[in-house]
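# Per-entry structural report
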Amino acid sequence: MDTWKEFEQNVITHSAAHHLMAIDDLVSRLGYARVSDIARRLHITRGSVSISLKPMKEAGLVLQDENRHLRLSEQGQRLVDAVKNKRVLVQRLLSELLGADEQQAEIDACKMEHLISNQTAGRLVAFFRFVDSQEQPGPEFLSAWRTGRHDRELEAGSAPDGECMTDSAASRRTSG
Ligand SMILES: [Zn+2]
């Protein structure tokens, strides 16, 4: 959980983050990740994956063996772990605390996961530790907020808009 401290990860694009997470998922499920596996998973072409991976290899985030199997370097793994942690933190903030629709919270967390600074993520961790350390139903203001929901009028007509910057959309947006 503390790995996010070690690496300032704002240097990567959303697309890169999803490429790295795809490699992470594939390796843990299949034991390996090839360009074609990543392409299938992200719904993009192999050519596009190769182009995207190039700077990540050069940056030492992704390693390739003689069988053209890809895996994350230690640094790449730390980056993925940090992004995943940030996604969970933001999702929890939006849905559990603010009461956002769970699906929308997931989508918004996906959009923000690679943008949240380590410093802010650290504040969120500390905040949730505080919330979790309280006896139920938690800090007074929080339970008042959760039960009262003073904001209903603001939500009128606010159906979830737009999709998650899905893997394919993310990959088209190379500038992040
Ligand atoms: Zn995302």
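Residues numbered from 1 in each chain as written. Predicted model: local features only at pLDDT ≥ 70, side-chain atom pairs only at ≥ 80, totals over all residues.

### A few points about the overall build of the protein
Scanning the protein from N- to C-terminus turns up eight helices and two strands. For the protein, the proportion of its 176 residues judged to be buried stands at 30%. Of the contacts formed within the protein by residues at least 6 apart in sequence, a portion of 66% connects residues at least 24 apart. (Helix = DSSP H or I, 4+ residues; strand = E, 2+ residues; numbered from the N terminus. Buried ≥ 20, exposed ≤ 12 C-beta atoms within 10 Å, placed from the backbone. Contact = placed C-beta atoms within 7 Å.)

### Some details on helix H5 (residues 102-112)
Residues lying three or four places apart along an α-helix face the same way, a consequence of the helix completing one turn every 3.6 residues. If you check which residues of H5 are buried, you get Ala105, Ile107, Asp108, Ala109 and Cys110. Those residues of H5 hidden inside the fold are in contact with helix H4 (74-97).

### Comments concerning unusual backbone geometry
Although it is not a glycine, histidine 43 adopts a positive phi angle of roughly 60°. Locating histidine 43 in the fold gives a position in the loop between helix H2 (35-42) and helix H3 (46-58). On the basis of neighbour counts, which here come to 11 C-beta atoms within 10 Å, the residue histidine 43 falls in the exposed class. Notably, arginine 68 is not glycine yet its phi reads approximately 65°, a positive angle. Residue position: arginine 68 is located in the loop between strand E1 (62-64) and strand E2 (70-72). On the basis of neighbour count, arginine 68 is assigned to the exposed category, with 11 C-beta atoms found within 10 Å.

### Looking at the packing of H4 against H5
Where H4 meets H5, the axes come as close as 8 Å, and the angle between the chain directions of the two elements is 140°. In terms of orientation, H4 lies oblique with respect to H5. For the pair H4 and H5, the crossing hand works out as right-handed. Contacts between H4 and H5 pair Arg87, Val90, Gln91, Leu94 and Ser95 from the former with Glu102, Ala105, Glu106, Asp108, Ala109, Cys110 and Met112 from the latter. (Axes fitted to C-alpha atoms, helices over the stretch in contact; angles between N-to-C directions. Parallel < 35°, antiparallel > 145°, perpendicular 65-115°, else oblique. Left-handed = near helix turned anticlockwise from the far one by under 90°.)

### Structural notes on the nonpolar core
Ranked by size, the top nonpolar core spans 23 residues in total, and within it Leu20, Ile23, Ile38, Val62 and Leu79 carry the most contacts. Those elements that provide at least two residues to this core are helix H1 (14-30), H2, H3, E2 and H4. When residues of this core are assigned to their parent elements, the largest contribution, seven residues, is made by H1. (Core = buried A, V, L, I, M, F, W, Y, C linked by C-beta atoms within 7 Å.)

### Overview of the environment of arginine 92
Along the chain, arginine 92 turns up in helix H4. In this structure, the C-alpha to C-alpha distance between arginine 92 and glutamate 106, residues 14 residues apart in sequence, is 9.0 Å.

### What to know about the confidence of the model for the protein
Of the residues in the protein, 76% have a pLDDT of 70 or more, and the chain-wide mean is 82. Counting contacts from residues 4-10, a segment whose pLDDT is below 50, to residues more than four positions away or on other chains yields 16 contacts. Below pLDDT 50 for its whole length, residues 162-176 participates in 32 contacts with residues either more than four positions away or in separate chains. (pLDDT = per-residue confidence, 0-100.)

### Some words on the environment of leucine 94
Residue placement: leucine 94 occurs in helix H4. Classification of leucine 94 by C-beta neighbours within 10 Å gives buried; the count is 20. Taking the C-alpha atoms as reference points, leucine 94 and alanine 105, eleven residues apart in sequence, are found 5.6 Å from one another. Ignoring any residue separated from it by four or fewer positions in sequence, one finds leucine 94 in contact with Ala100, Ala105, Asp108 and Ala109.

### Considerations on the packing of H4 against helix H6 (residues 118-133)
Axis separation between H4 and H6 bottoms out at 10 Å; the angle between their running directions is 55°. In terms of their interaxial angle, H4 and H6 are classed as oblique. When you trace H4 past H6, the crossing you get is left-handed. Taking contact as the criterion, the partners of Asn85, Lys86, Leu89, Arg92 and Leu93 in H4 are, on H6, Ala121, Leu124, Val125 and Phe128. Of the residues assigned to the contact of H4 with H6, the class counts are six nonpolar, one polar and two charged. (Nonpolar A, V, L, I, M, F, W, Y, C, P; charged D, E, K, R; others polar.)

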